[in-house]
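Secondary and tertiary structure notes
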Amino acid sequence: MVYAYYPGCTLHQQAAGFRDSTAKSAQALGIELAEMPNWQCCGAVYPLARDNLFGVVSAARNLAAAHDLGQAMVTICSACYHVHKRTNRLMATDQDARAKLDAYVETEYDGSGEVLHLLEVIRRDIGFDALRERVKVPLEGLKVAGYYGCLLLRPQEELEFDDPEAPRILEDLIEGLGAEAVTFSHRAECCGQYLSLSNPAAAHRCSGAILRSARRAGAEVVVTSCPLCFFNLDEAQAELAREDPEFQPLPVLYFTQLLALALGAWEQPWLPAEHQVDPGPVLSRFKLPVAEPAGSEE
Amino acid sequence: MSRIGVFVCHCGLNIAGTVDVERVTAALATEPGVVWAEDYKYMCSEPGQQMIAQAIEERKLDGVVVAACSPNMHETTFRIACAGAGLNGYMCEIANIREQCSWVHADREAATRKAVAITRSMVEKVRGDEALVPIKFAVNKRALVIGAGISGMQTALEIADGGHEVVLVEREPHIGGHMAQLSETFPTLDCSSCILTPKTAEVGRHPRIKLLTHSEVVEVSGYVGSFKARIRRNPTYVDWGACTGCMECMNKCPKRVPSKFDCGMGESKAISVAFPQAVPYRPQIDRDSCIYFATGRCKVCERVCPTSAIRFEQEPEYVEEEVGAIVLATGYDLFNKALVGEYGYGQYPDVIDGLQFERLLSASGPTAGAILRPSDGKVPKQIVFIQCVGSRDEEKGMPYCSKICCMYSGKHARLYRHKVHDGQAYLFYMDIRAGGKGYEEFIQQGVEEDGLVYLRGRVARVFPEGDGLMVWGEDTLSGRKVEILADMVVLATAMVPRHDARELAQRLKVGTDAYGFFSEAHPKLRPVESLTRGIYMTGAAQAPKDIPEAVAQAGSAASKVLALFSGRELEHPPIIVELIPDLCSGCGLCVEACTYDARSIDPVSRLAVVNDILCQGCGACAAACPNGATVLRNASREQILNMVEALMQDE
């Protein structure tokens, strides 16, 4: 099955590691992600005002384009997923909004297409039990904190992604890769979002609480599917370490990077320049078994 | 030529405010056949009824139309008034000019014209009416009570003490319901068992109570005074007649299972009796966990039984009971806690519900009354009680208040403090609803004497922290976030209808509300009757309620049954359909149209027949009949056409 792949802006800028690990993982899993031509920024935020549709015009255009391709849209960024899924539902359920958006975008799209997160595609098309059999580098003993953030889970009646109070999908993925999913209190608390621009201290408090709670639960690494969560969690750590000498840094990764590593699709699925906290020390123990003895020098 | 009287009611200003009552009276006075018309401020009052009676006698009326409120309101009142004056009550008809006219219109002129038309059409109806007498039928003076919790047992005992035989059906192998699981009861803290077990014993030995445990009512037919119930007796795999209750089988059974009676807090065996005071004190085999049923080998119980009472081959048996009245007392279930994922019930062993906490408190429970938390058996030093879990929660739970949780959470916390003196109890609440005799005082004592800490606010999340549970909540009175590291969390979950209450309601043709609680005929004036005559309800099957209320309602239901059984015969309203056999083709459309099972095709004559007692006089079959063979009494085709014509007339 071919999907209309919507990478989103961040992936072509700050999150090349997310982009490339997604491409390599999808290829290894046989999920065909065909990047949509001429896609536009999703708007990044789903507007709270119900009578202002400008914020979703761009998303509506993307959705109509995917529908014209006859493909379900797949995204990996939490924000892109959130905005597209909700806009799609708006067009399917609100006649008035649909008429306005269609008139503005000059399409006749009715919200009947599908918007999926890559996690949902894996859950549906492959299944986490079957995923276990595709793993070449089981991440045995690795304790992973699956961090959901806000945008993947709520509002549940619109996203229909997972139980927002007791989500499972990241844990299922982590366990499917042979790692150990740790349950931590702050897995769906806010990371501080755009406060990192206007009030960095407040954002650091939010991120710090998440990282400390993951650490208390024994995590060695945190995974997320949101570039903004990634930024906040990763970037805050230098400051947190300055304030608190006890603070132990915790590497942050996109879930696809762990996926690519476990599938043997990418030997070192991160770009050091993109990480404040280097995941190397934690992840370098997981390597593809190599045939020649010369390959293993340690 | 008929002599009809018309009586127009002002209903204070309810009708007169919108309808020109005098004009209606004057218009009707000129109708052919109307010999008397008058109006009065309150026709239903004693003077109003007197006016009607006087007119009947003085003007020799042979028909009466009262233009007033809905017939649901006062039709019976006026018919009795007419009968008192010597006029057959069925010669009195009500023209509804309140609910269907004055209340729904604002234009006085139009409303008056409509009131005239409505009243005129009823005059046409009365013209064609016949004097009718109620149908008398016999009543079988045995009662069926479904459910043997406190409410059902109390109903059964009161009917039986009143001199009538009762069939008491209980799904579980023992009686007592949820009350048997409770430790102490609020607001007196008297032990639940001490007040319950004398009753279970009395039910067990009462000569007029036929107790059918491990049984379910699967089918009900018939009508008030003459119901037939088919009851399935589920196998216990033990011959209870041969069994002496020595419980050697339970002692020797190798298969341990979580105890259902202890809500998983303790252990039981695959063959067991739920608790030591159970009535009847007889064991049953849990087929799903029994080794023999799974593998075909074991039979330890059979070997050790001194009276050879084990019967692995037992099958369900069906029995039929004929009764005159049925009381529903099926009780409640607890809300599905998986729907509130943030509290982690089922995920963290030390998050339990109120009923599980009762089992920990109970002297006959798995810990013999010691408060020990499930995960490691330690005495919890900090307990958080969360109220309104699933109650008053439109988003995830039930919009209603479960009514008993404020009281039992307060009770739990107090009993905990009485047992663990250095322990601390926190209670998160929305409002404290302690309406009831001695209830508010009980809550206050909890705060003042037992040092309970009440926090007004909701809990957002519970998650493990070390070997405890971190509880995030808010205290809305101080406006602060609260974090409590607790050893144990107790959820006061909503009371919900039994999972299969709707199916039972369908089988008995009684209504349920939006949630599945049985619907009473009137929320204030007929609180224990269903809309199906002869079927009553009591206890938490009708709505969440506590023990005192469930018992009071049981008495009320029993007195209704006793009143029904007090006469030799019952009466059924004579407004039912009749068949003109010569016109009937036996097509069966009336059978399809009837929702009361009152119509059928006679297998011999191949013609339709009417069950007079089941017929509610709705007229659906009369409308469906293509041949005009079915006629609703006092609503003949001719009458209806005349009524329509009267409605079409100009004033």
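Definitions and limits used
- The numbers attached to residues start from 1 for each chain and follow its sequence in the written order.
- For this description, chains carry letters from A and ligands carry numbers from 1, given in the order in which they are written.
- Where totals are concerned, whole chains, interfaces and linings use all residues; where local detail is concerned, this predicted model gives features only for residues with pLDDT of at least 70, and gives and counts side-chain atom pairs only at 80 or more.
- Counting from the N terminus, the helices are DSSP H or I runs at least four residues long and the strands are E runs at least two residues long.
- Residues with at least 20 other C-beta atoms within 10 Å of their own are called buried, those with 12 or fewer are called exposed, and the rest are partly exposed. The C-beta atoms themselves are positioned from the backbone.
- Working definition of a contact: two residues with C-beta atoms, positioned from the backbone, lying within 7 Å.
- Amino acids outside the nonpolar list (Ala, Val, Leu, Ile, Met, Phe, Trp, Tyr, Cys, Pro) and the charged list (Asp, Glu, Lys, Arg) are all regarded as polar, and Gly is one of them.
- By definition, two strands form a pair when at least two bridges between them are found by DSSP.
- Axis definition: a line fitted to C-alpha atoms, limited for helices to the stretch in contact. Angles are taken between N-to-C directions and run from 0 to 180 degrees.
- Where each domain starts and ends comes from a domain assignment, either automatic or drawn from a database.
- To estimate the expected span of a helix, subtract one from its residue number and multiply by 1.5 Å.
- Under the definition applied here, buried Ala, Val, Leu, Ile, Met, Phe, Trp, Tyr and Cys residues are grouped into a nonpolar core through C-beta atoms within 7 Å.
- Should an angle fall under 35 degrees it is called roughly parallel, over 145 degrees roughly antiparallel, and 65 to 115 degrees roughly perpendicular, with every other angle called oblique.
- Should the near helix be turned anticlockwise from the far one by less than a right angle, the crossing is termed left-handed; should it be turned clockwise, right-handed.
- Residue-level confidence of the predictor is summarised by pLDDT, bounded by 0 at the bottom and 100 at the top.

Right, let's talk about the overall build of chain B for a bit. Across its full length, chain B holds 17 helices and 34 strands. With respect to the principal axes defined by its C-alpha atoms, chain B has extents near 90 × 70 × 40 Å. Taken over 651 residues, chain B has a buried fraction of 45%. Partitioning the intrachain contacts of chain B with sequence separation of at least 6 by distance along the chain shows that 69% fall at a separation of at least 24.

Attention now goes to the interface of chain B and chain A. Between chain B and chain A, the residue contacts involve six residues of the former and four residues of the latter. Along the lines of polarity and charge, the residues of the side of chain B that touches chain A split into three nonpolar, one polar and two charged.

Now for the environment of Thr22 of chain A. All names here are of chain A. Mapped onto the fold, Thr22 is located in helix α1 (residues 16-29). For Thr22, a count of 27 C-beta atoms within 10 Å corresponds to the buried category. When the C-alpha positions of Thr22 and Ala181 are compared, they lie 21 Å apart, and in sequence the two are 159 residues distant.

Here we come to unusual backbone geometry. The omega torsion across Arg154 of chain A and Pro155 of chain A is -5 degrees, close enough to zero to call that bond cis. With respect to the helices, strands and loops of the structure, Pro155 of chain A is situated in the loop between β5 (143-146) and α7 (156-159). In this structure, Pro280 of chain B follows Val279 of chain B across a cis peptide bond, with omega equal to -5 degrees. Along the chain, Pro280 of chain B turns up in the loop between β15 (271-272) and β16 (284-285). Phi at Gln193 of chain A is positive, roughly 45 degrees, even though this residue is not glycine. One can find Gln193 of chain A in the loop between β6 (180-182) and α9 (195-198). The phi dihedral of Ala368 of chain B falls on the positive side, at around 55 degrees, and the residue is not glycine. By the secondary structure assignment, Ala368 of chain B is in the loop between α10 (354-361) and β21 (382-389). For Ala368 of chain B, a count of 10 C-beta atoms within 10 Å gives the class exposed.

Further remarks concern the sheet that holds strand β11 (residues 215-223) of chain B. Sheet strands associate in pairs through backbone hydrogen bonding, adopting either a parallel or an antiparallel arrangement. Residue and element names in this part refer to chain B. Pairing is antiparallel across the open sheet formed by three strands, whose spatial order is β11-β12-β17. Each of the sheet's edge strands pairs with one partner strand only, and the pair in question is β11 and β17 (317-323). Ignoring strand direction, the axes of neighbouring strands in this sheet form an average angle of 20 degrees.

This part takes up the sheet that holds strand β2 (residues 32-35) of chain A. Residue and element names in this part refer to chain A. A sheet is described by the order of its strands in space; here four strands give the open sequence β2-β1-β3-β4, paired in parallel fashion. Each edge of the open sheet carries a strand with a single partner, namely β2 and β4 (115-117). Mean inter-strand twist for the sheet, computed between neighbouring axes without regard to direction, equals 40 degrees. As paired elements, strand β1 (residues 2-6) and strand β3 (residues 73-75) share three bridges and run parallel to each other. Each residue of the ladder has a partner; that of Tyr6, found in β3, is Thr75.

This paragraph deals with the pairing of β5 of chain A. Residue and element names in this part refer to chain A. Pairing of β5 with β6, which is carried by three bridges, proceeds in the parallel orientation. Within β6, the residue paired with Val144 across the bridge is Ala181. Two elements, β5 and strand β7 (residues 221-224), share three bridges in a ladder whose sense is parallel. Along β7, the bridge assignment pairs Val144 with Val221.

A few words on the domain arrangement of chain A. Residues and elements named next belong to chain A. Once the domains are mapped, chain A shows domain 1 (2-118) and domain 2 (137-274). For domain 1 versus domain 2, the distance between C-alpha centres works out to 23 Å. Listed by partner, the interface residues are 22 residues for domain 1 and 22 residues for domain 2. In terms of residue count, α1 provides more of the side of domain 1 that touches domain 2 than any other element does, nine residues in total. Taken together, the residues of the side of domain 1 that touches domain 2 break down into eight nonpolar, 10 polar and four charged.

Right, let's talk about helix α2 (residues 57-69) of chain A for a bit. All names here are of chain A. Its 13 residues place the ends of α2 19 Å apart at the C-alpha level, agreeing with the 18 Å of an ideal helix rising 1.5 Å per residue. Among all positions in α2, only Ala59, Ala60, Arg61, Asn62, Leu63, Ala64, Ala65, Ala66 and His67 are buried. Next to the buried residues of α2 lie β1, β3, α3 (78-93) and α4 (95-105). Among the residues trailing α2, Gly70 stands out with phi positive, at a value near 75 degrees.

Nonpolar side chains in soluble globular proteins generally cluster together in the buried interior. Ranked by size, the top nonpolar core spans 118 residues in total, and within it Val327 and Val489 of chain B carry the most contacts. The element best represented in this core is helix α14 (residues 547-564) of chain B, accounting for eight residues. Not counting residues up to four positions away in its chain, the partners in contact with Val489 of chain B are Tyr343, Asp350, Val351, Val384, Ile386, Val462, Leu469 and Val471 of chain B. Counting 90 residues, the second largest nonpolar core, distinct from the first, contains Ala65, Phe184, Phe231 and Leu283 of chain A.

Residue and element names in this part refer to chain B. Two numbers describe how helix α2 (residues 46-59) lies on helix α3 (residues 71-84): the axes approach to 9 Å, and their chain directions differ by 40 degrees. When the axes of α2 and α3 are compared, the pair comes out oblique. By crossing handedness, the relation of α2 to α3 is classed as right-handed. Within the contact between the two elements, α2 uses Gln49, Ile52, Ala53 and Ile56 and α3 uses Phe78, Ala81, Cys82 and Gly84. Looking at the contact of α2 with α3 residue by residue, the classes come out as six nonpolar, two polar and no charged.

The axes of two packed helices give the description: the angle between them and the distance between them. Residues and elements named next belong to chain B. Direction vectors running N to C along helix α4 (residues 108-128) and helix α17 (residues 637-648) enclose 155 degrees, while the axes themselves pass 8 Å from each other. In terms of axis orientation, α4 runs roughly antiparallel to α17. When the axes of α4 and α17 are compared, the crossing they make is right-handed. For the pair α4 and α17, the contacting residues are Ala117, Arg120, Ser121, Glu124, Lys125 and Gly128 in the first and Glu638, Gln639, Asn642, Met643, Ala646 and Leu647 in the second. Residues belonging to the contact of α4 with α17 are distributed by class as follows: four nonpolar, four polar and four charged.

Within chain B, residue pLDDT values average 96, and 100% of them lie at 70 or more. Confidence metrics for the complex model read pTM 0.83 and ipTM 0.79.

So, on to α14 of chain B. Residues and elements named next belong to chain B. If you check α14, its first and last C-alpha atoms are 26 Å apart, about what 18 residues at 1.5 Å a residue would give, namely 26 Å. By the burial criterion, the buried members of α14 are Ile547, Ala550, Val551, Gln553, Ala554, Ala557, Ala558, Lys560, Val561 and Leu564. As for α14, its buried residues are in contact with β6 (142-146), α5 (150-161), β8 (184-185), β18 (325-328) and β29 (535-537).

Residue and element names in this part refer to chain A. Mapped onto the secondary structure, Leu258 falls in helix α12 (residues 255-263). The class for Leu258 is buried, based on 27 C-beta atoms found within 10 Å. Expressed as a C-alpha distance, the spacing of Leu258 and Leu177, which sit 81 residues apart in the sequence, is 8.1 Å. If sequence neighbours within four positions are ignored, Leu258 has contacts with Leu139, Val144, Leu177, Val223 and Leu253.

Our focus in this paragraph is the environment of Phe230 of chain A. All names here are of chain A. Relative to the helices and strands, Phe230 is located in helix α11 (residues 227-243). Distance from Phe230 to Tyr254, taken between C-alpha atoms, is 7.5 Å for residues 24 residues apart in sequence. Setting aside residues no more than four positions away along its own chain, Phe230 makes contact with Thr224, Val252 and Tyr254.

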